[in-house]
There are 2 protein chains.
Amino acid sequence: MPKTHAYATHNATLPLEPFNIERRNPGPKDIQIEILYCGVCHSDIHQARNEWGNALYPMVPGHEIIGTVTGLGNEVIGFNIGERVGVGCMVDSCRTCPDCQDHQEQFCNSTTFTYNSPDKISGGNTFGGYSSQIVVNQHFVLHISEKLDPAAAAPLLCAGITTYSPLKHWNVGKGDKVGIIGLGGLGHMGVKFARAMGAHVVLFTTSPGKISDAKRLGAHEVVISKDIEAMQAHRASFDFILNTVAASHNLDSFTELLKRDGTLCLVGVPDQPHPSPSIGNLIFKRRQIAGSLIGGIQETQEMLDFCAEHQIVSVIEIIPMQQINQAYERMLKSDVRYRFVIDLASLKNES
Amino acid sequence: MPKTHAYATHNATLPLEPFNIERRNPGPKDIQIEILYCGVCHSDIHQARNEWGNALYPMVPGHEIIGTVTGLGNEVIGFNIGERVGVGCMVDSCRTCPDCQDHQEQFCNSTTFTYNSPDKISGGNTFGGYSSQIVVNQHFVLHISEKLDPAAAAPLLCAGITTYSPLKHWNVGKGDKVGIIGLGGLGHMGVKFARAMGAHVVLFTTSPGKISDAKRLGAHEVVISKDIEAMQAHRASFDFILNTVAASHNLDSFTELLKRDGTLCLVGVPDQPHPSPSIGNLIFKRRQIAGSLIGGIQETQEMLDFCAEHQIVSVIEIIPMQQINQAYERMLKSDVRYRFVIDLASLKNES
């Protein structure tokens, strides 16, 4: 394998820095990919800094990968050299359990995540997309339409599927009133998807400064969630609310906005627990609080095709690899609209 | 109207005592009912003692009513004098809102509950089934099969529908693995229904003394929920778990027993909040925590017909009206298997 440049961190308190890694030689079903762009997910920070307590160092983060096929194992079907492809949060799973059989590999008990995960194929741990190339089993490689800007498509691989999957699972469509809580990397994708699916979209934010952005991105209405009166005006009117805010906050002011049989779906685990939700709010309209985790590979491809059809990509700020540590600091101050994407061409200057 | 004997309480700390009330003369759509039996629901105690903060005194509790039709308004259709009927938790609703139109009167914003509720028809407050007779709009009167023991059928009107409705709503049936948490007035009905619906039924209890009862009532398995190892053996295996325990307790040890897309449904509001549930448990298998409230009138009739078909009634202990205060004390010590039912014939001795 040619030398693979990457950026890695070596413990929870160190910045990311240049690092060389080994990728495996492509097996019969593997695809070798030159990485063009990699989105920067907030979970990259959590894991790099071991905030979830499961860090494996050295760690090369990155699971929003867009690249070009540069090599194909002899059993690969349906991919071509030079084709634009994507890799998301997963690079392997057992492929035999009920979840895998149902195309829900994200719920498999032995999913191999794209980075910071024991690698059953080559031993060691997986290294992610903050690198010049990657080798992935074809099952976990996605086709990316040339209609999509490749840099702006990178965040679709995590932020995109994380919001698309629950909207689809709970059958959001025309005639539905859908809330999206938070306008960040996930939330801005949720607004775009819910709008494209035909729903009436209401964005909830604590930041009045985001109202105009939210409307431009597709929200029909924006509600400042601290405004009790504005919230009360929407009581018992939502079919579905997607909560993209992982910080601990009171869920009751949102569950009471749901219609009978409505669902509040959470896609982020807060560092501190949310205040215990009101069971009365659930019982008196048979409401539900649910969780959702990224999406399966088949659904990720469906989402990417939906994006190509509806011209949906992320709103991004492109950075060179060398600025990743500053980007992390800006993300911690919510100073990004709405996703950083690393241009991996910047790594070539270091080679 | 003939004199109506009842038992009432006059404030949160007094015992129930004999009391005479006025029932309205039956209107064109009303049915007059001589009450034979009335089940004693734990919510009767909560309300009599103003533990929910909404008590209206004097209060005549009781919403698990079985009786005989003694009078019919001239527009009543489908009921006959002498017929056995039931009345549950509701005696009126708006009949026009989307919830009412969908036969989900329990979620109507202006439901009139059978007792302790402002009565829009006659003014004052509603008085419940701890009384010799009641007058109810025909829409809220249920047909009770003569195949069912009338005393043991009384708890079907609240405990029955409260457990039947969520099992039906979440499509419990053959091939499903269903958990019921708690073997009390609600839980023992949940076990019977889930079994009759064809599910594999697992009863969770903290009381080893209830194992044999649970199996006799229909549970295929009984798990002592404090036994961590026994609980772990059921990880990620349940389609649906019905939580009939209203006391504050940790929900995580149950959510983790749900399969992907499984639901933990709560039917009781705890006095103290449950510990905040793990959002990770919800996200990693797309699980849900939901609430459910009794059931609509149409579904209550369906449940009663299901009971007649499957010979399902409650396990009861019959008491005279005069022992209601002692019964409350025993209920607070969980010393009842599994529902007290008042024999209203006992009131005649006082007339």
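In this text, all values refer to a predicted model and were calculated from it rather than measured experimentally. (Residues numbered from 1 in each chain as written. Chains lettered and ligands numbered in written order. Predicted model: local features only at pLDDT ≥ 70, side-chain atom pairs only at ≥ 80, totals over all residues. Heavy atoms only, no water.)

**Some words on the overall build of chain A**
The helix and strand inventory of chain A stands at eleven helices and 17 strands. Its C-alpha atoms give chain A a radius of gyration of 20 Å, within 12% of the compact-globule value 20 Å for 351 residues. Projected onto its principal axes, the C-alpha coordinates of chain A cover approximately 60 × 40 × 35 Å. Burial status across chain A gives 61% buried among its 351 residues. Taking as baseline every contact in chain A between residues at least 6 positions apart, the subset at least 24 positions apart corresponds to 68%. Accessible area for chain A stands at about 13,400 Å²; split by element, carbon and sulfur atoms hold 49% of it. Here chain A holds 29 positive side-chain charges and 35 negative ones, and the gap between their average locations is 6 Å. (Helix = DSSP H or I, 4+ residues; strand = E, 2+ residues; numbered from the N terminus. Rg over C-alpha atoms; globule rule 2.2 N^0.38 Å. Buried < 20%, exposed > 50% of the residue type's maximum accessible area, 1.4 Å probe, protein only. Contact = heavy atoms within 4.5 Å. Areas by Shrake-Rupley, 256 points an atom, 1.4 Å probe, with all protein chains shown as cover. Lys, Arg positive; Asp, Glu negative; His and termini not counted. Charge placed at Lys NZ, Arg CZ, Asp CG, Glu CD.)

**Brief notes about the pairing of strand β17 (residues 339–343) of chain B**
Residue and element names in this part refer to chain B. Most of β17 sits inside the fold, with four of its five residues counted as buried. Across three bridges, the pairing between strand β3 (residues 30–39) and β17 is antiparallel. Bridged to tyrosine 37 within β17 is aspartate 343. Note that strand β16 (residues 316–320) and β17 share five bridges and pair parallel. Within the sheet, the bridge partner assigned to isoleucine 319 lies in β17 and is isoleucine 342. You can see the chain leave β16, run along helix α11 (residues 324–332) and come back into β17, and the turn it takes is right-handed. (Pairing = 2+ DSSP bridges. Right-handed = clockwise from strand over helix to strand, strands pointing away.)

**A word on the interface of chain A and chain B**
At the interface, 35 residues of chain A touch 35 residues of chain B. Taken over both partners, the interface formed by chain A and chain B buries close to 2,900 Å², and the fraction arising from carbon and sulfur atoms is 59%. For the chain A face of the interface with chain B, the top three residues by lost area are Arg260, Ile283 and Arg286 of chain A, together amounting to 24%. For aspartate 99 of chain B, the salt bridge is made with arginine 260 of chain A, and the minimal N-O distance between the two is 2.5 Å. Of all the secondary-structure elements, those providing two or more residues to the side of chain A that touches chain B are α2 (98–101), α4 (159–169), β14 (258–266), α9 (279–283) and β15 (288–291) of chain A. (Buried area = accessible area lost by both parts, 1.4 Å probe. Salt bridge = Lys/Arg side-chain N within 4 Å of Asp/Glu carboxyl O.)

**Brief notes about the packing of α4 of chain A against helix α10 (residues 297–310) of chain A**
All names here are of chain A. In contact at an axis separation of 10 Å, α4 and α10 are set at 100 degrees when each is read in the N-to-C sense. In terms of orientation, α4 and α10 fall into the roughly perpendicular class. Residues Gly160, Ile161, Tyr164, Ser165 and Lys168 of α4 form the contact with α10, whose participating residues are Glu299, Thr300, Glu302, Met303 and Phe306. When its residues are assigned to classes, the contact of α4 with α10 shows four nonpolar, three polar and three charged. (Axes fitted to C-alpha atoms, helices over the stretch in contact; angles between N-to-C directions. Parallel < 35°, antiparallel > 145°, perpendicular 65-115°, else oblique. Nonpolar A, V, L, I, M, F, W, Y, C, P; charged D, E, K, R; others polar.)

**Examining the pattern of salt bridges**
Across all of its chains, the model carries 34 salt bridges over all chains by this definition. Across the salt bridge formed by aspartate 261 of chain B and arginine 260 of chain B, the nearest N and O atoms sit 3.5 Å from each other. On the basis of relative accessibility, which here comes to 26%, the residue aspartate 261 of chain B falls in the partly exposed class. A relative accessible area of 18% places arginine 260 of chain B in the buried class. Look at the salt bridges and you will find they share partners, linking Asp99 and Asp102 of chain A together with Arg260, Asp261, Lys285 and Arg286 of chain B into a network.

**As for the domain arrangement of chain A**
Residue and element names in this part refer to chain A. Entries for chain A in the domain assignment read domain 1 (3–158 + 295–304 + 313–349) and domain 2 (160–291). Using only C-alpha atoms to locate each centre, domain 1 and domain 2 end up separated by 28 Å. Listed by partner, the interface residues are 17 residues for domain 1 and 18 residues for domain 2. Buried surface at the junction of domain 1 and domain 2, both sides included, amounts to about 1,500 Å², of which 52% is carbon and sulfur. On the domain 1 side of the contact with domain 2, Cys158, Met303 and Tyr338 bury the most area, a combined 37% of that side's loss. If you look at where domain 1 meets domain 2, you find two salt bridges. A salt bridge links aspartate 213 to arginine 337; its shortest N-O distance comes to 3.5 Å. Seen at the junction of domain 1 and domain 2, the total is twelve residue pairs in polar contact (both at pLDDT 80 or more). (Domains from an automatic or database assignment. Polar contact = N/O pair within 3.5 Å; in protein donor to acceptor, adjacent residues only side chain to side chain.)

**What to know about the side chain of threonine 4 of chain A**
Residues and elements named next belong to chain A. With respect to the secondary-structure elements, threonine 4 resides in strand β1 (residues 4–8). Judged by relative accessible area, threonine 4 falls into the buried class, the value being 0%. At 2.7 Å, the side chain of threonine 4 and the side chain of glutamine 133 are in polar contact.

**Details of the packing of aromatic side chains**
In this description, a pair of aromatic rings is defined by centroid distance and the angle of the planes. Per the stated rule, a full pass over the model turns up 14 aromatic pairs over all chains. Taking 5.5 Å as the distance between ring centres and 55 degrees as the angle between the ring planes, the aromatic pair formed by phenylalanine 204 of chain A and phenylalanine 238 of chain A counts as tilted. In this pair, phenylalanine 204 of chain A is assigned in strand β11 (residues 200–205) and phenylalanine 238 of chain A in strand β13 (residues 238–243), connecting sequence segments 34 residues apart. Residues phenylalanine 204 of chain A and phenylalanine 238 of chain A agree in their burial class; the two are buried. Centroid distance phenylalanine 19 of chain B to phenylalanine 127 of chain B: 6.4 Å. Interplanar angle 70 degrees. Geometry classified as edge-to-face. Taken together, the positions of phenylalanine 19 of chain B in strand β2 (residues 17–21) and phenylalanine 127 of chain B in the loop between β7 (112–113) and β8 (133–137) put the pair 108 residues apart, joining distant regions of the chain. Put simply, the rings of Tyr164, Phe193 and Phe306 of chain A pair up and form one aromatic cluster. Of note, lysine 177 of chain A hangs over the ring of phenylalanine 238 of chain A, and the distance from its end group to the ring centre comes to 4.6 Å. (Phe/Tyr/Trp six-rings, centres within 6.5 Å; stacked < 30°, edge-to-face > 60°. Lys NZ or Arg CZ within 6 Å of the ring centre and 35° of its normal.)

**Overview of the relation of the copies chain A and chain B**
By a simple turn and slide, chain A fits onto chain B: the slide is 0.0 Å along the axis, the RMSD is 0.0 Å, and the turn is 180 degrees. Viewed as a symmetry operation, the transformation between the two copies matches a two-fold axis. Taking C-alpha positions as reference, the residue of chain A nearest the rotation axis is serine 276 of chain A, located at 2.0 Å. Both copies present the same face, since 100% of the interface residues in chain A are matched by interface residues at the equivalent positions in chain B. (Least-squares fit on C-alpha atoms with pLDDT ≥ 70 in both.)

**Section: the sheet that holds strand β12 (residues 221–224) of chain A**
With mixed pairing, the twelve strands of this open sheet are ordered in space as β12(A)-β11(A)-β10(A)-β13(A)-β14(A)-β15(A)-β15(B)-β14(B)-β13(B)-β10(B)-β11(B)-β12(B). A strand with exactly one partner marks an edge of an open sheet, and here the two such strands are β12 of chain A together with β12 (221–224) of chain B. Neighbouring strand axes in the sheet, compared pairwise and without regard to direction, differ in orientation by 20 degrees on average. Sheet topology places β14 of chain A next to β15 of chain A; four bridges connect them, and they run parallel. Bridge assignment links leucine 266 of chain A to a residue of β15 of chain A, and that residue is glycine 291 of chain A. Sitting on the sheet, α4 of chain A touches β10 (177–181), β13 and β14 of chain A together with β14 (258–266) of chain B, and the angle it makes with β13 of chain A is about 160 degrees. Relative to the sheet, helix α5 (residues 187–196) of chain B contacts β10 (177–181) and β11 (200–205) of chain B, its axis offset from that of β10 of chain B by approximately 170 degrees.

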